[in-house]
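Each chain, written out:
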Amino acid sequence: MKFKPEKYKIPDEAMQPFIDVQEIEESLEKARPDAAAVRDVIAKSLSKERLNMKETALLCNASEPELVEEILDGARCLKELVYGNRIVLFAPLYVGNFCTNNCAYCGFRVENREAERKTLNKAELIKEVEALEDNGQKRLILVFGEHPIYNAKYIADTVRTVYSVKKGNGEIRRVNINAAPLEIEGFRTVKEAGIGTYQVFQETYHPERYQRFHISGQKSDYNYRLTALDRAQEGGVDDVGIGALFGLYDWRFEVLSLVRHTNHFEAVYNVGPHTISFPRLQEAASALIDPAHIVSDDEFVRLIAILRLAVPYTGMILTARETPAVRTTVMQFGVSQIDGGTKIELGAYANILNEQQNLNKEQFRINDARSLNEIIDELLEMGYLPSFCTACYRLGRTGEHFMEFSVPGFIKRYCTPNAILTLAEYLMDYAPESTAKKGWQAIGENLNQLENPKIIAEMRKRLDKIKNGERDLYF
Ligand code: SAM
Ligand code: SF4
């Protein structure tokens, strides 16, 4: 099953080997951070310029506590500058866990004979979506194993079903996908179904480590996976999500590779990745995990801050793999999206299942079992503005990068108002009284910070409309 680029009609420039192990290793070896150099790099990032590999390597190698502190401060500051206090919420929805691959770290791998395999049928899928809507969710990421059943048409049909489910005031307004790489035609098919982002994580960018963890199946072909999102771009999917599974290899190598991957997209498609994910390896049934590169909490904070600084315009996703305490700490250093009320057992949203996770039914252990409302409560208490906004994608503000980042005043004109309007819907339809109280207070405070009196007046009108039952008002 060797990768043949000509078969996939990938343009020549995309096929240049953009991950060069030697180049990355040399960047890391040569980077000798002194305080002045680190400060220059942070200043460049704060002027909203993406960092190159050499600059990112300097940050990765800066381990003196004072320098680490400056990097964290820089990331915190950049997050506020670019994203304000919004945190976008979503939930994962596992559709099927059949898988022909053998990824050493994953509970779904084909050689886990104890795994309980399941694909939601249409009625079960609808029930799951209704349950998610009943919680107040508006954005989902559908997750699939890699198996011939979950082909592009199947994924597209699933997406259409999800969009069609409406319960009360509930509806899903953006469906993202985390599934196996497709071919160009396949990406076209899922794009036509109206997907938001297509995520494919490279897991580790180091080819030899990759081979070691991806024992058999299509995913064992490093290059086929590495070029997945090039094919997505060719197929018209211009919102793509990259990521590395931290714990498989040296985190510094992965951070530099993510920056290199970003640089590749910018060079070839003039658009960076829409999101970067940084899942950290968790316990899984029958997993073969080599502890050599386990990432500590301190390293995790650093790598998030460095990614924030390195690619200032990109959304950064933090998931319930992490404990509430870790999530609360790292959020400030650059995270823009988190999941809430997450359940990863198939069918678990609609059925009240055991509170205990059964790892043979799930991909890995999750460590944040809080409900969506508990998370919203905490976000409000910490001064964040929870958001369910889907406006950019629905108004075609995709691809061409980084609207919120590059257009002056974008956050105050669009993001904060849309966050407020979607939070108001949540408070009206789903929140218990105590959350509603905190939420309306936060809305009042954030409204006053919008500055432009015309926008504030328009917002007041729209909030009244929401109170009177109108929904889905956005800028
Ligand atoms: N099967 C597809 C694939 O592998 O790309 C779709 C998604 S997979 C279900 C989602 C992601 O979960 C993987 O890309 C991997 O990064 C992550 N993952 C797998 N096993 C994990 C583990 N033990 N701990 C944390 N994350 C894990
Ligand atoms: Fe399958 Fe994805 Fe798990 Fe690999 S990570 S075994 S491809 S579900």
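Everything quoted here is computed from the prediction, not taken from an experiment.

**Things to note about the pattern of salt bridges**
A side chain of one charge can pair with a side chain of the opposite charge if their charged atoms are brought near each other. Enumeration according to the criterion identifies 35 salt bridges in this entry. The shortest N-O distance in the salt bridge between Asp472 and Arg173 comes to 3.5 Å. Within this pair, whereas Asp472 is found in the segment after helix H19 (453–467), its partner Arg173 is found in the loop between strand S4 (170–171) and strand S5 (174–178), the two being separated by 299 residues in sequence. Taking relative accessible area as the criterion, Arg173 reaches 4% and is therefore assigned buried.

**Digging into helix H13 (residues 324–331)**
Buried within H13 are the following residues: Val326, Arg327, Val330 and Met331. Looking straight down H13, one finds that the buried residues subtend no more than 120° of arc, so they occupy a single side. Considering only its buried residues, H13 is in contact with helix H4 (65–83), strand S1 (86–96), helix H12 (297–310), strand S9 (315–318), strand S10 (337–339) and helix H14 (372–381).

**Quick word on the state of the cysteines**
Counting across every chain of the model gives zero disulfides. We note that Cys77 lacks a disulfide partner, and the nearest cysteine sulfur, in Cys415, lies 18 Å from it. Here Cys389 is not disulfide-linked; the sulfur of Cys392 is the nearest cysteine sulfur, at 6.2 Å. The class for Cys389 is buried, based on a relative accessible area of 15%.

**Here we look at the domain arrangement of the protein chain**
Domains assigned within the protein chain are domain 1 (21–77), domain 2 (83–404) and domain 3 (408–467). Domain 1 puts 27 residues into the contact, and the matching count from domain 2 is 26 residues. Summed over both sides, the interface between domain 1 and domain 2 buries roughly 2,100 Å², with carbon and sulfur atoms accounting for 72% of that surface. Remark: the boundary between domain 1 and domain 2 carries one salt bridge. A salt bridge links Glu266 to Arg50; its shortest N-O distance comes to 2.8 Å. The interface formed by domain 1 and domain 2 holds seven residue pairs in polar contact (both at pLDDT 80 or more) in total. Broken down by secondary-structure element, the contributors of at least two residues to the side of domain 1 that touches domain 2 are helix H1 (21–30), helix H2 (35–46), helix H3 (53–61) and H4.

**A few points about the environment of Ile215**
Mapping Ile215 onto the fold places it in the loop between helix H8 (207–213) and helix H9 (222–226). On the accessibility criterion, Ile215 (45% relative accessible area) is partly exposed. Ignoring sequence-local partners within four residues, the contact set of Ile215 consists of Asn102, Ala104, Arg109, Ser220 and Leu288.

**Notes on the site of ligand 1**
Near ligand 1, the surroundings consist of 20 residues, among which Tyr105, Glu203, Lys219, Arg225 and Gln363 are the closest. Phe144 has a polar backbone atom sitting 3.1 Å from a nitrogen atom of ligand 1. Between ligand 1 and the protein, one listed contact pairs a nitrogen atom with a backbone N or O atom of Gln282 at 2.9 Å. In terms of residue class, the shell around ligand 1 is made up of ten nonpolar, four polar and six charged.

Calculation rules
- Residue indices begin from 1 for each chain and proceed along its sequence in written order.
- Here the convention is simple: chains get letters from A, ligands get numbers from 1, in the order in which they are written.
- Thresholds applied to this predicted model are a pLDDT of at least 70 for local features of residues and 80 or more for the giving and counting of side-chain atom pairs; totals over whole chains, interfaces and linings are not thresholded and use all residues.
- With hydrogens and water set aside, each side-chain value is computed from the structure's full complement of heavy atoms.
- Here, a salt bridge means any Lys or Arg side-chain nitrogen found within 4 Å of an Asp or Glu carboxyl oxygen.
- Strands here mean DSSP runs of E at least two residues long; helices mean DSSP runs of H or I at least four residues long; both are numbered from the N terminus.
- For every residue, the accessible area obtained with a 1.4 Å probe (protein chains only) is divided by the maximum for its type, and the residue is called buried under 20%, exposed over 50%, and partly exposed between those limits.
- Think of it as the arc spanned by the lines of direction from the helix axis to the C-beta atoms.
- Any two residues whose heavy atoms approach within 4.5 Å at even a single point are treated as in contact.
- Whenever a pair of cysteine sulfur atoms sits within 2.5 Å, that pair is classed as a disulfide.
- For the domains described, the bounds stem from an automatic or database domain assignment.
- The quantity reported as buried area is the accessible area (1.4 Å probe) lost by two parts once they are put together, taken as the sum for both.
- Polar contact criterion, stated in full: a pair of N or O atoms within 3.5 Å, where within protein one must be able to donate a hydrogen and the other to accept it, and residues adjacent in sequence count only if both atoms are side-chain atoms.
- Each residue is tested against the molecule or strand, and it is near if at least one of its non-hydrogen atoms lies within 4 Å.
- Residue polarity follows a fixed list, in which Ala, Val, Leu, Ile, Met, Phe, Trp, Tyr, Cys and Pro are nonpolar, Asp, Glu, Lys and Arg are charged, and the others, Gly among them, are polar.

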